[in-house]
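Below, each chain spelled out in residue letters.
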Amino acid sequence: MHKVLILNGPNLNLLGTRQPEVYGHTTLKMVEETCVSHGASIGLEVSHLQSNHEGALIDAIHGAKGNQDGIVLNAGAYTHTSIALMDAISSVELPVVEVHLSNIHAREAFRHKSYIARVALGQICGFGLQSYVMALDALSAHFRDKGAV
Ligand code: DQA
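Parameters at a glance
Residues numbered from 1 in each chain as written. Predicted model: local features only at pLDDT ≥ 70, side-chain atom pairs only at ≥ 80, totals over all residues. Heavy atoms only, no water. Near = heavy atom within 4 Å. Polar contact = N/O pair within 3.5 Å; in protein donor to acceptor, adjacent residues only side chain to side chain. Areas by Shrake-Rupley, 256 points an atom, 1.4 Å probe, with all protein chains shown as cover. Nonpolar A, V, L, I, M, F, W, Y, C, P; charged D, E, K, R; others polar. Buried < 20%, exposed > 50% of the residue type's maximum accessible area, 1.4 Å probe, protein only. Helix = DSSP H or I, 4+ residues; strand = E, 2+ residues; numbered from the N terminus. Arc of directions from axis to C-beta. Contact = heavy atoms within 4.5 Å. Expected span 1.5 Å × (residues − 1). Pairing = 2+ DSSP bridges. Axes fitted to C-alpha atoms, helices over the stretch in contact; angles between N-to-C directions. Salt bridge = Lys/Arg side-chain N within 4 Å of Asp/Glu carboxyl O. Parallel < 35°, antiparallel > 145°, perpendicular 65-115°, else oblique.

Around the ligand, the neighbouring residues are Arg 18, Tyr 23, Asn 74, Gly 76, Ala 77, His 80, His 100, Leu 101, Ser 102, Ile 104, Arg 107 and Arg 111. Here an oxygen atom of the ligand and a side-chain polar atom of Arg 18 are 3.0 Å apart. The contact in question runs from an oxygen atom of the ligand to an N or O atom on the backbone of Leu 101, over 2.8 Å. Contact with the protein chains hides 99% of the accessible area of the ligand, taken as 320 Å² for the molecule alone. A per-class count over the shell around the ligand returns 4 nonpolar, 5 polar and 3 charged.

Turning our attention to helix H3 (residues 54–64). Within H3, the full set of buried residues consists of Leu 57, Ile 58, Ala 60, Ile 61 and Ala 64. Mapping the buried residues of H3 onto a view down its axis gives an arc of 160 degrees, with all of them on the same face. For H3, the secondary structure elements touched by its buried residues are strand E1 (2–8), strand E2 (44–50), strand E3 (70–74) and helix H4 (83–92). Gly 66, located one to two residues past H3, shows a positive phi value of around 85 degrees.

Here we take up helix H2 (residues 28–41). Look at H2: 20 Å from first C-alpha to last across 14 residues, which is about the 20 Å you get at 1.5 Å a residue. When we look at burial in H2, the residues that qualify are Leu 28, Val 31, Glu 32, Cys 35, His 38 and Gly 39. In an axial view of H2, the angular spread of the buried residues amounts to 140 degrees, which keeps them on one side of the axis. More than 90 degrees from the buried face of H2, the exposed residues found are Lys 29 and Ser 41. Once H2 finishes, Gly 43 follows within two positions and takes phi at roughly 80 degrees, a positive value.

Attention shifts here to the sheet that holds E3. Pairing within the open sheet is parallel, and its 5 strands lie in the order E2-E1-E3-E4-E5. Looking along the sheet, the strands with just one partner apiece sit at the ends: E2 and strand E5 (122–125). Strand-to-strand, the axes of this sheet are offset by a mean angle of 20 degrees, without reference to chain direction. Across 5 bridges, E1 lies against E3 in parallel orientation. What sits directly across from Ile 6, in E3, is Val 72. Of the strands in this sheet, E1 and E2 are in contact with H2, which crosses E2 at around 165 degrees. Seen against the sheet, H3 touches E1, E2 and E3 and runs at an angle of roughly 175 degrees to E1.

What follows is about the pattern of salt bridges. Here the structure, examined in full by the defined rule, presents 4 salt bridges. For Lys 29, the salt bridge is made with Glu 33, and the minimal N-O distance between the two is 2.9 Å. Of this pair, Lys 29 and Glu 33 are both found in helix H2, 4 residues apart, which corresponds to roughly one turn of the helix. Using a relative accessible area of 45% as the deciding quantity, one classes Glu 33 as partly exposed.

Orientation of H3 relative to H4, taken along the N-to-C sense of each, is 10 degrees, at an axis distance of 9 Å. The pairing of H3 with H4 is recorded here as roughly parallel in orientation. Facing H3, whose interface residues are Glu 54, Leu 57, Ile 58, Ile 61 and His 62, H4 presents Ala 84, Leu 85, Ala 88, Ile 89 and Val 92. By residue class, the composition of the contact of H3 with H4 is 8 nonpolar, 1 polar and 1 charged.

Set out below in structure tokens:
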């Protein structure tokens, strides 16, 4: 069974009450529970972590090496600023799928740039909770394709 870490960054603990016109009414708990149950249905063991602190997110990425097979990462606003998170992902050589609830490309120009995208397998954004579900499906397909090579 492949293991996947769902890693959520700053302000995502406030999902459900935070700018519902942008992020909807889904709470972080709903995101995490959906990921665990969808993961189980496609043969993935899902764990999750949220932090508002860049260093804690970096530590979680480091800690995933050797313990997880992949990461689904919503780095929140650090997506657009954090070379340190980008370097952490490069350092652990794990497949990472970048997710966002909102369509960052349809929003302010400063959200169009992603440091994570440079080192991610791919990016899924704009589908709310479904962005995470699709990311798990993408990782599952990635593991399957890798196994087939
Ligand atoms: C977000 C998009 C980011 O630009 C923003 O800073 C967030 C949430 C999203 O999921 O849509 O905190 O990552």
